[in-house]
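Survey of secondary and tertiary structure
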Amino acid sequence: MSIIIPNARRVDTNRLLSVVAIPFAAAVAMATAVAAMGGVTDPIVEAGGTMAFLLNFVKFCYLAVAMAHLSGAIAERTNGGLPAGLWLDEYDEPEPVSKEEFWHAFPNHLDGAAIAGCVTLACFLAA
């Protein structure tokens, strides 16, 4: 793994899932809900087609993820960070993950921000 991801000692699958798959699923769910509601005007036609409509939601979700990870990185570096409360057993751990161990997992906050930012940029270029 160190050949592909130079500083990573382990891959955190929960964090990887939260950066890659969950925002895409949220974007598809939101786009479907908005398209189904419709109303007086057709939101897909207003957006310029189905692909443009879906890309708008994908951009929104991944931009939010990028900003969340970037702010997490800033908080971690400046304040030492706190458990986010995302996992039910996070507070039951004997001791929190050390800073060194946290930053050597893939994706850490900067990796997450970079991945989500790249997906957002790709969506802007594709639109």
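Residues numbered from 1 in each chain as written. Predicted model: local features only at pLDDT ≥ 70, side-chain atom pairs only at ≥ 80, totals over all residues. Heavy atoms only, no water.

**What about the pattern of salt bridges?**
Following the criterion strictly, the structure yields two salt bridges and no others. Between Asp12 and Arg10 there is a salt bridge whose closest N-O contact spans 3.9 Å. Arg15 is paired through a salt bridge with Asp12; the nearest N and O atoms lie 3.1 Å apart. For Arg15, a relative accessible area of 13% puts it in the buried group. Residue Asp12 is classed as buried on the basis of its relative accessible area of 16%. Residues joined in a network through salt bridges with shared partners are Arg10, Asp12 and Arg15. (Salt bridge = Lys/Arg side-chain N within 4 Å of Asp/Glu carboxyl O. Buried < 20%, exposed > 50% of the residue type's maximum accessible area, 1.4 Å probe, protein only.)

**Things to note about the packing of aromatic side chains**
One pair of aromatic rings is described through two measures. These are the centre distance and the angle between the planes. Across all of its chains, the model carries one aromatic pair by this definition. Here the aromatic rings of Phe53 and Phe57 are separated by 5.2 Å at their centres, their planes lie at 70°, and the arrangement is edge-to-face. Note that Phe53 and Phe57 are positioned in helix 3 (residues 50-79) at a spacing of four residues, about one turn of the helix. Neither Phe53 nor Phe57 differs from the other in exposure class; each is buried. Cation over ring: Lys59 sits above Phe124, and NZ or CZ is 4.3 Å from the ring centre. (Phe/Tyr/Trp six-rings, centres within 6.5 Å; stacked < 30°, edge-to-face > 60°. Helix = DSSP H or I, 4+ residues; strand = E, 2+ residues; numbered from the N terminus. Lys NZ or Arg CZ within 6 Å of the ring centre and 35° of its normal.)

**What about unusual backbone geometry?**
Looking along the chain, the bond that leaves Phe106 and enters Pro107 is cis, with omega of -5°. With respect to the helices and strands, Pro107 occurs in the loop between strand 2 (105-106) and helix 5 (109-126).

**Description of the packing of helix 3 against helix 5**
Geometry of a packed helix pair, given as the angle between the helix axes and the separation of the axes. One way to put it is that helix 3 packs onto helix 5 with a least axis distance of 8 Å and a crossing angle of 155°. Overall, the two elements helix 3 and helix 5 adopt an arrangement that is roughly antiparallel. For the pair helix 3 and helix 5, the crossing hand works out as left-handed. Contact with helix 3, carried on its side by Leu55, Val58, Lys59, Tyr62, Leu63, Val65, Ala66, His69, Leu70, Gly72, Ala73 and Glu76, involves His109, Leu110, Gly112, Ala113, Ala116, Gly117, Val119, Thr120, Cys123, Phe124 and Ala126 of helix 5 and no other residues of that element. Tallied by class, the residues present in the contact of helix 3 with helix 5 amount to 15 nonpolar, six polar and two charged. (Axes fitted to C-alpha atoms, helices over the stretch in contact; angles between N-to-C directions. Parallel < 35°, antiparallel > 145°, perpendicular 65-115°, else oblique. Left-handed = near helix turned anticlockwise from the far one by under 90°. Contact = heavy atoms within 4.5 Å. Nonpolar A, V, L, I, M, F, W, Y, C, P; charged D, E, K, R; others polar.)

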